[in-house]
Amino acid sequence: MRCKEVVELLCDYLEGDLPDDLKKELEEHFHMCKPCIKFLRTYSATSRVCRQVVEESLDDECVEELKKFLKTKLST
Amino acid sequence: MADKTLNYRSLSDNELVGLIREKDYAAFEEVVERYSPKAMRLAMKITKNREDAQDVLQETFVSIYKNIESFRGESAFSSWIYRICTNFALMKLRGRKFDNQSDSMDENPNMDIERLAEHSHSDNDWSDRAEKLLLKKELREKIDEAIDRLPDEYRIVFLMKDVDGMSNEEIGRELNLTIPAVKSRLHRARLFLRKEISKYLEE
């Protein structure tokens, strides 16, 4: 298996969607290829890191404005 | 009516849902405090427009209050909220003629799959120090900008999957895409973001 094919399979691999034979072949490649292991690790960390960035907090002022709007809207 | 003896912050989501069903407005406000920050960020990331995101947020929480009976507890309360938020944000985008079926990444040489998949022995493995690196404001801003640079159809799939936690099937249903199309967009978006983060860390 070539490195390019490994990258193509990463999404399915992480979701557990690969057939057993392909999964085995991929894992054998990982044992021999350090760059692909690094790629796998950074690919998988990307989702985690981006999620954290998106989850950063809003400022309090925004939450207060929203609460004020909702109170007016929902009490009518 | 609010129960003044209650510490709403200490209540679980399910307890808050029960109280909102009994028209306890303070319980609803606790839900707003708890989930509006992430909902706002999500709406901002999908619409890329602060005013639209604020509208989305208002619509989301009005809908939550009015439709609390339809929350059946089959998924986490937070996922239900983010799903409603995503739907309102998508409606905004569609109003701006968002082209869900286009494949603009294919036409952009910088987004070429071959280039996104390139790697070598000299590549840096930053995965173990990712959390620590995020303390740097500059990196967070770079990631934020990179997510915004993703074409709509890729950014939305990425946000629905990796931020909302929706399944591929749910995303496919929502966006009218096949599962392979969902996975392909998700994969490209992750590859693009991975490359951007790596590029920044290797500078």
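Residues numbered from 1 in each chain as written. Chains lettered and ligands numbered in written order. Predicted model: local features only at pLDDT ≥ 70, side-chain atom pairs only at ≥ 80, totals over all residues. Heavy atoms only, no water.

**Considerations on the overall build of chain B**
Scanning chain B from terminus to terminus reveals 11 helices and 0 strands. In sequence order, the secondary structure elements of chain B are arranged as α-α-α-α-α-α-α-α-α-α-α. In chain B, which comprises 203 residues, the proportion classed as buried is 52%. Of the contacts formed within chain B by residues at least 6 apart in sequence, a portion of 68% connects residues at least 24 apart. (Helix = DSSP H or I, 4+ residues; strand = E, 2+ residues; numbered from the N terminus. Buried < 20%, exposed > 50% of the residue type's maximum accessible area, 1.4 Å probe, protein only. Contact = heavy atoms within 4.5 Å.)

**Some remarks on the environment of S70 of chain B**
All names here are of chain B. For S70, the location among the structural elements is in the loop between α3 (50-66) and α4 (77-95). Residue classification places S70 among the partly exposed residues on the basis of a relative accessible area of 38%. Within polar-contact distance, the side chain of S70 engages the backbone oxygen of N67 at 2.7 Å. (Polar contact = N/O pair within 3.5 Å; in protein donor to acceptor, adjacent residues only side chain to side chain.)

**A look at the domain arrangement of chain B**
Residues and elements named next belong to chain B. Taken domain by domain, chain B comprises domain 1 (8-94) and domain 2 (113-202). Distance from the C-alpha centre of domain 1 to the C-alpha centre of domain 2: 25 Å. At the junction of the two partners, domain 1 supplies 13 residues and domain 2 supplies 15 residues. Carbon and sulfur atoms make up 51% of the area that domain 1 and domain 2 hide from each other, which totals about 1,300 Å². When the buried surface of domain 1 facing domain 2 is broken down by residue, K45, K48 and R83 rank first, second and third, together holding 42% of it. Scanning the region where domain 1 abuts domain 2 turns up 4 salt bridges. R83 serves as the salt-bridge partner of E170, at 2.8 Å between the closest nitrogen and oxygen. Summed over the shared surface of domain 1 and domain 2, the number is 10 residue pairs in polar contact (both at pLDDT 80 or more). (Domains from an automatic or database assignment. Buried area = accessible area lost by both parts, 1.4 Å probe. Salt bridge = Lys/Arg side-chain N within 4 Å of Asp/Glu carboxyl O.)

**Some details on helix α3 (residues 34-54) of chain A**
Working note: α-helix, 3.6 residues per turn, so residues spaced by three or four point in the same direction. A rise of 1.5 Å per residue sets the reference length of α3 of chain A, with its 21 residues, at 30 Å; its end C-alpha atoms lie 30 Å apart and thus fit the reference within 8%. Of all the bends in α3 of chain A, the largest measures some 25° and sits at T46 of chain A. (Expected span 1.5 Å × (residues − 1). Bend = angle between axes of the 7 residues up to and from the residue.)

**Focus on the state of the cysteines**
What is meant by a disulfide is a covalent connection between two cysteines, made through their sulfur atoms. All names here are of chain A. Enumeration according to the criterion identifies 0 disulfides over all chains in this entry. Take C3: it sits in no disulfide, and the sulfur closest to it among the cysteines is that of C36, at 3.7 Å. Given the relative accessible area of 30%, C3 is considered partly exposed. No disulfide involves C33; its sulfur sits 3.7 Å from the nearest other cysteine sulfur, which is in C36. Classification of C33 as buried rests on a relative accessible area of 11%. (Disulfide = S-S within 2.5 Å.)

**What about the packing of aromatic side chains?**
Under the criterion given, the structure shown has 9 aromatic pairs over all chains. Their ring planes at 55° and their centres at 5.5 Å tell us that Y25 of chain B and F28 of chain B sit as a pair that is tilted. Of this pair, Y25 of chain B and F28 of chain B both sit in helix α2 (residues 25-47), separated by 3 residues, roughly a single helical turn. The buried category is assigned to Y25 of chain B, whose relative accessible area is 16%. Among the residues examined, F28 of chain B registers a relative accessible area of 0% and is labelled buried. The rings of Y35, F71, F77, W80 and Y82 of chain B are connected pair by pair, giving a single aromatic cluster. When the ring centre of F39 of chain A is taken as reference, the NZ or CZ atom of R194 of chain B above it lies at 3.7 Å. (Phe/Tyr/Trp six-rings, centres within 6.5 Å; stacked < 30°, edge-to-face > 60°. Lys NZ or Arg CZ within 6 Å of the ring centre and 35° of its normal.)

**Observations regarding the interface of chain B and chain A**
Contacts between chain B and chain A engage 55 residues on the former and 42 residues on the latter. Taking both sides of the interface into account, the surface hidden between chain B and chain A amounts to around 4,400 Å²; carbon and sulfur atoms contribute 65%. Our enumeration of links across chain B and chain A arrives at 7 salt bridges. Linking chain B with chain A are 21 residue pairs in polar contact (both at pLDDT 80 or more). Taken together, the elements giving at least two residues each to the side of chain B that touches chain A come down to α2, α3, α6 (113-117), α7 (130-133), α8 (137-149), α9 (152-163) and α11 (179-202) of chain B.

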